[in-house]
Amino acid sequence: MPEADWQEARRLAYAAGSALAASRGGTDLVPLDRVNGRVLAQDIHSLHTMPHYASSAMDGWVVAGEGPWQVERVPQASANDGGLPRPHAGAGSTPPPLISGWARAIVTGESVPPGATAVIRQEASVLEAATGRLSALQAPSPGADIRPAGREAAEGELLLRAGTRMTPGRIAVAAVGGHDRLPVSQAVRIRLLLTGDEVVTTGIPAPGQVRDTFGPVLPACIEALGGALADVLRIGDDTHATLDALDSASAREADVVLSTGGTGRSPADHVRPVAEELGGTSIVGSVAMRPGHPALLRSLPEGRLLVGLPGNPLAALMAVVTLLEPLLEGASGQPPSSPVEVRTGEAVRGAGHSHRLLPAQWSDPAHRQQLVPSEHTGSAMMRGLAQADVVMVVPPAGVEAGAAVTCLPLPWYGR
Ligand SMILES: Nc1nc2c(c(=O)[nH]1)N[C@H]1C(S)=C(S)[C@@H](COP(=O)(O)OP(=O)(O)OC[C@H]3O[C@@H](n4cnc5c(N)ncnc54)[C@H](O)[C@@H]3O)O[C@H]1N2
Ligand code: MOO
């Protein structure tokens, strides 16, 4: 099977994610304080006008008509508040109307009474305590410092579209719109399967061993991309263990198995042959990208999916942005993310028939105009990725200095 072109591999992964959602995707109703990062399954509308009542934008006096005004009730001067203003007296109810020529103390956010024409800030007012006469340093324009009801949104107005990923700003607008829970796409459940006899999880590895790069890293990537980690399994390079990990009762509880290592074709590599033996179809057999070309995507029994990441750590993370990210976008109903184009400050050699995925960084982080490839970007190296701001996608023919080049965000910098 020929290597899939890089863009085609992303399209196929997105389509496989969409098909997964169609076959098993449900909706969760999630409270606002737990919805960050989830993707809306339906459009969200305002449940009332926003703001839902006219309020004061400042501490001071609400007035009706032309000044000077008579204060309804002169507040007692006190050391703490200088006689102004009193706390919200009537939260939850409409205040009594204000008659033309009168003024009443008001605090920020408090309901403006019917009949009010403006709010005068405390520091812009002069109160004659003995007579209760209030004047303004400058005549207020009509409606000054009053936030009218409905200025931000009418009741029923669209606030957020289905397919939107929730962020703190979007959670805030849903709260202001009156929502307690939001309908979000059920997160894709992912089994993380780490393979390799030589992998050790702590301390300094002996020659021939490697320190596990994936166990501490991929759960964070899965979370950042909106997936849900179902479980983590570590196995050696063994056919039966691989078979069990891909197709046991517990494996079937996950929608996707995300494996690392074992994608090659040596006798020590079991992921590919065992998956083939299980049936299903190959969706992406390998990808025309460097590093990471042995990455694979195939269907497993019951319509589950296998994303096989190569063992070399940088290769695996480039496969995460190539296959796992579009798959999870498709599965949550988000539109496919479109990579941005940025200028490269240096000429970058292409890989001939493949795209090159290179960790890259801003040459001037303050202005973010131009990228340069990071150093130490060998397939088994991590220093380049540690410094990187984005992934530069270099076309097969390479790019000249100053040319625009496609870039992908790194999962942990959000999208
Ligand atoms: N004859 C060929 N050999 C290889 C080819 C090829 O085309 N022909 N492709 C190379 C490329 S490219 C890659 S990438 C790797 C893919 O290897 P596998 O997916 O089969 O992975 P392994 O062989 O199990 O391991 C490769 C490498 O990665 C290290 N590794 C594995 N797991 C971890 C981990 N959890 N943390 C850190 N490092 C890990 C492992 O020790 C090996 O060094 O194949 C090339 N060979
Ligand atoms: O995927 Mo491999 O070298 O491209 O590490």
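Bear in mind that the values here come from a model prediction, so they are computed numbers and not experimental data.

(A) Up close: the side chain of histidine 179. Considering the arrangement of structural elements, one finds histidine 179 in the loop between helix 2 (168-176) and strand 12 (181-185). At 2.6 Å, the side chain of histidine 179 and the backbone oxygen of histidine 45 are in polar contact. Filtering out sequence-adjacent residues up to four positions away, histidine 179 remains in contact with Leu32, Ile44, His45, Leu47 and Ala174.

(B) Molecular detail of the site of ligand 2. Near ligand 2 you find Pro291, Gly292, His293, Pro294, Asn312, Ala315 and Ser379, and these make up its full shell. Within the backbone of glycine 292, a nitrogen or oxygen atom sits 2.5 Å from an oxygen atom of ligand 2. In this structure, an oxygen atom belonging to ligand 2 sits 3.0 Å away from a side-chain N or O atom of asparagine 312. Its residues assigned to classes, the shell around ligand 2 shows 3 nonpolar, 4 polar and no charged.

(C) A look at the nonpolar core. Counting residues in hydrophobic clusters, the biggest one holds 44 residues, and the most contacted among them are Leu218, Leu258 and Leu297. Mapped by element, the contributors of at least two residues to this core are helix 1 (6-24), strand 13 (189-195), helix 3 (218-224), strand 17 (256-260), strand 21 (305-309), helix 6 (313-332) and strand 25 (390-394). In terms of residue count, helix 6 provides more of this core than any other element does, 12 residues in total. Residue contributions to this core reach at least three from each of two domains, namely domain 1 (6-25 + 186-332) and domain 3 (340-409). Membership of the second largest hydrophobic core comes to 14 residues, among which are Ile44, Leu160, Met166 and Leu182.

(D) Examining the site of ligand 1 more closely. The environment of ligand 1 is formed by 19 residues, the closest being Glu198, Asp212, Thr263, Gly264 and Gly311. One nitrogen or oxygen atom from the main chain of glycine 262 is found 3.2 Å from an oxygen atom belonging to ligand 1. For ligand 1, whose free accessible area comes to 870 Å², the fraction covered by protein is 65%. For the shell around ligand 1, the class distribution of residues is 6 nonpolar, 9 polar and 4 charged.

(E) Spatial organisation of the sheet that holds strand 8 (residues 125-128). Strand order in the open sheet formed by 6 strands is 7-4-6-5-9-8, with mixed pairing between adjacent strands. Only two strands of the sheet have a single neighbouring strand rather than two, namely strand 7 (118-121) and strand 8. Neighbour-to-neighbour, the strand axes of this sheet turn through a mean angle of 35°, independent of strand direction. Of the pairings in the sheet, the one linking strand 5 (residues 69-71) to strand 6 (residues 102-106) comprises 2 bridges and is parallel in character. In the strand pairing of strand 6, valine 71 is matched with alanine 103.

(F) Up close: the UniProt feature "domain: MoaB/Mog" (unreviewed entry) in the chain. Per the UniProt annotation, the sites labelled "domain: MoaB/Mog" (unreviewed entry) are residues 191-330. As a span, residues 191-330 carries 30% helix and 26% strand, and end to end its C-alpha atoms are 18 Å apart.

(G) Highlighting the sheet that holds strand 13. Strands sit in the order 16-13-17-21-20-18 across an open sheet of 6 strands; the sheet is mixed. Because the sheet does not close on itself, it has two edges, and the strands there are strand 16 (228-235) and strand 18 (282-284). Averaged over all adjacent pairs, the angle separating strand axes in this sheet is 20°, with direction ignored. The sheet contact formed by strand 17 and strand 21 spans 5 bridges and is parallel. Counterpart to serine 259 in the pairing with strand 21 is glycine 308. Docked against the sheet, helix 6 engages strand 13, strand 17, strand 18, strand 20 (296-299) and strand 21, running at close to 160° with respect to strand 21.

Rules used throughout
- Residues numbered from 1 in each chain as written.
- Chains lettered and ligands numbered in written order.
- Predicted model: local features only at pLDDT ≥ 70, side-chain atom pairs only at ≥ 80, totals over all residues.
- Heavy atoms only, no water.
- Helix = DSSP H or I, 4+ residues; strand = E, 2+ residues; numbered from the N terminus.
- Polar contact = N/O pair within 3.5 Å; in protein donor to acceptor, adjacent residues only side chain to side chain.
- Contact = heavy atoms within 4.5 Å.
- Near = heavy atom within 4 Å.
- Nonpolar A, V, L, I, M, F, W, Y, C, P; charged D, E, K, R; others polar.
- Core = buried A, V, L, I, M, F, W, Y, C linked by side-chain atoms within 4.5 Å.
- Buried < 20%, exposed > 50% of the residue type's maximum accessible area, 1.4 Å probe, protein only.
- Domains from an automatic or database assignment.
- Areas by Shrake-Rupley, 256 points an atom, 1.4 Å probe, with all protein chains shown as cover.
- Pairing = 2+ DSSP bridges.
- Axes fitted to C-alpha atoms, helices over the stretch in contact; angles between N-to-C directions.
- UniProt positions renumbered as here; feature names shortened; annotations may be inferred.

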